[in-house]
Amino acid sequence: IQLNNRINELLRIGEKKVKVNGVAEGIHSVKTAEQYRNTALRLSSVCKEMGVKRIEDIDKSVVARYMEAYRDASAWTVSRELAAISKLSPFRLL
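Residues numbered from 1 in each chain as written. Predicted model: local features only at pLDDT ≥ 70, side-chain atom pairs only at ≥ 80, totals over all residues. Heavy atoms only, no water.

Enquirer: Any chance you could break down the nonpolar core for me, citing the residues and the numbers?
Expert: Core analysis: the biggest nonpolar cluster contains 22 residues, and Leu3, Leu43, Ile58, Val62, Tyr66 and Met67 have the highest contact counts within it. When residues of this core are assigned to their parent elements, the largest contribution, six residues, is made by helix H2 (residues 30-50). Setting aside anything within four residues of it in sequence, one finds Leu43 in contact with Leu3, Ile58, Val62, Tyr66 and Ile85. (Core = buried A, V, L, I, M, F, W, Y, C linked by side-chain atoms within 4.5 Å. Buried < 20%, exposed > 50% of the residue type's maximum accessible area, 1.4 Å probe, protein only. Helix = DSSP H or I, 4+ residues; strand = E, 2+ residues; numbered from the N terminus. Contact = heavy atoms within 4.5 Å.)

Enquirer: Describe H2, listing the residues and the values that go with them.
Expert: One turn of an α-helix holds 3.6 residues; hence residues three or four places apart share an orientation. The terminal C-alpha atoms of H2 lie 30 Å apart, and with 21 residues this matches the ideal 30 Å at 1.5 Å per residue to within 8%. Regarding H2, the residues found buried are Ala33, Tyr36, Thr39, Ala40, Leu43, Val46 and Cys47. For H2, the angular spread of buried residues about the axis comes to 130°, placing them on one side. With respect to the buried face of H2, the exposed residues turned more than 90 degrees away are Val30, Lys31, Glu34, Leu41, Lys48 and Glu49. Residues of H2 that are buried make contact with helix H1 (2-10), helix H3 (60-67) and helix H4 (75-88). Measuring from the backbone nitrogen of Lys31 back to the side-chain oxygen at the start of H2 gives 3.2 Å, which picks out Ser29 as the cap. At the C-terminal side of H2, Gly51 shows a positive phi close to 80°. (Expected span 1.5 Å × (residues − 1). Arc of directions from axis to C-beta. Polar contact = N/O pair within 3.5 Å; in protein donor to acceptor, adjacent residues only side chain to side chain.)

Enquirer: Would you mind going over H1 in detail, with residue names and values included?
Expert: Among the residues making up H1, those that are buried are Leu3, Ile7 and Leu10. An end-on view of H1 places all buried positions within 65° of arc, on one side of the element. Along its buried surface, H1 packs onto H2 and H4.

What follows is the structure, given as structure tokens:
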């Protein structure tokens, strides 16, 4: 629920993109928001397995465990997943 709330906070559909340090703030595409929600759902399963209950407690060990499922995935898929996690988590990966 916290991850979905975070997505809702970041929604900027129809607004002009503003970049801070080369990174667009917010989510400006409905399709991107949908993809991020799918990532959030899968990430929340890993968090539950690892006993992580708060979004603030997501750390690199949680991300590493999540990304194990993408070990043989294409670079594009890995990049998409990491971009979503970076946008949703309290720290930046990319």
